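Now for the letters of each chain:
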Amino acid sequence: MNNIIANTTNSSDERQYIIFTLNNEYYGIDIININTIIMMPEITDVPLAPEYVKGMISLRGHVIPVINLHKRMNYGEEVITQDTRIIVFNINENEQVGIVVDSVKEVMVISDSAIEYPSPFIKQEESFISGVGKKTDMLISILDINSIADEQAINECVA
């Protein structure tokens, strides 16, 4: 992960994505939404939180809820390894949320024309995917962070 370098010379139809793995699949989040990526810290449980909320962490003086992405996406329990990371992203001006991912791979530039949008038969709020990017031999599911972070459930955790 120390070798992640962001390319700042991309054209207007290209975006940078943090590529990570979850359940042996590649996913991406637009880098503009990302606040930081951290190693797994101690996580405090939140009583009566939804099953997919792993708990809370304290990061730079802020309490941040952490989502167990394996449970949120119905993959079952995650396995914590030395590669496991928490990606912290902004859901609005004042709120941040962390998601637990299996590993962070790289920053990748993907042009808008290389992203196919999901079928209209798939409800975006049920799949969490806003599109599928194609880069060389890889298919990268682009996550819609707003559908991952259920603001009402998250607000109940930190209130």
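Data block above holds the structure.
The shown structure was predicted, so the numbers you read here are calculated from the model rather than taken from an experiment.

Rules used in this analysis
Residues numbered from 1 in each chain as written. Predicted model: local features only at pLDDT ≥ 70, side-chain atom pairs only at ≥ 80, totals over all residues. Heavy atoms only, no water. Helix = DSSP H or I, 4+ residues; strand = E, 2+ residues; numbered from the N terminus. Buried < 20%, exposed > 50% of the residue type's maximum accessible area, 1.4 Å probe, protein only. Salt bridge = Lys/Arg side-chain N within 4 Å of Asp/Glu carboxyl O.

J.: I tried to follow the environment of Ile43 on my own but got confused; where do I start?
T.: Among the secondary structure elements, Ile43 is positioned in the loop between strand E3 (34–39) and strand E4 (53–59). With a relative accessible area of 16%, Ile43 lands in the buried category. Placed 22 residues apart in sequence, Ile43 and Pro65 show a C-alpha to C-alpha distance of 9.2 Å.

J.: Teacher, can you tell me more about the pattern of salt bridges here?
T.: Side-chain pairing between opposite charges can occur once the charged atoms of the two side chains come close. Applying the stated rule across the entire model yields 5 salt bridges. With a shortest N-O distance of 2.8 Å, Glu78 and Lys54 are connected by a salt bridge. In this pair, Glu78 sits in the loop between helix H1 (69–72) and strand E6 (85–90) while Lys54 sits in strand E4, placing the two residues 24 residues apart along the sequence. As a salt-bridge pair, Lys134 and Glu116 come within 2.5 Å of each other at their nearest N and O atoms. With Lys134 in strand E10 (residues 129–135) and Glu116 in strand E9 (residues 115–116), the pair connects residues that are 18 residues apart, well separated along the chain. What makes Lys134 partly exposed here is its relative accessible area of 39%. The class of Glu116 is partly exposed, set by a relative accessible area of 46%. Overlapping salt bridges, with partners in common, bring together Arg15, Asp30 and Asp112 in one network.

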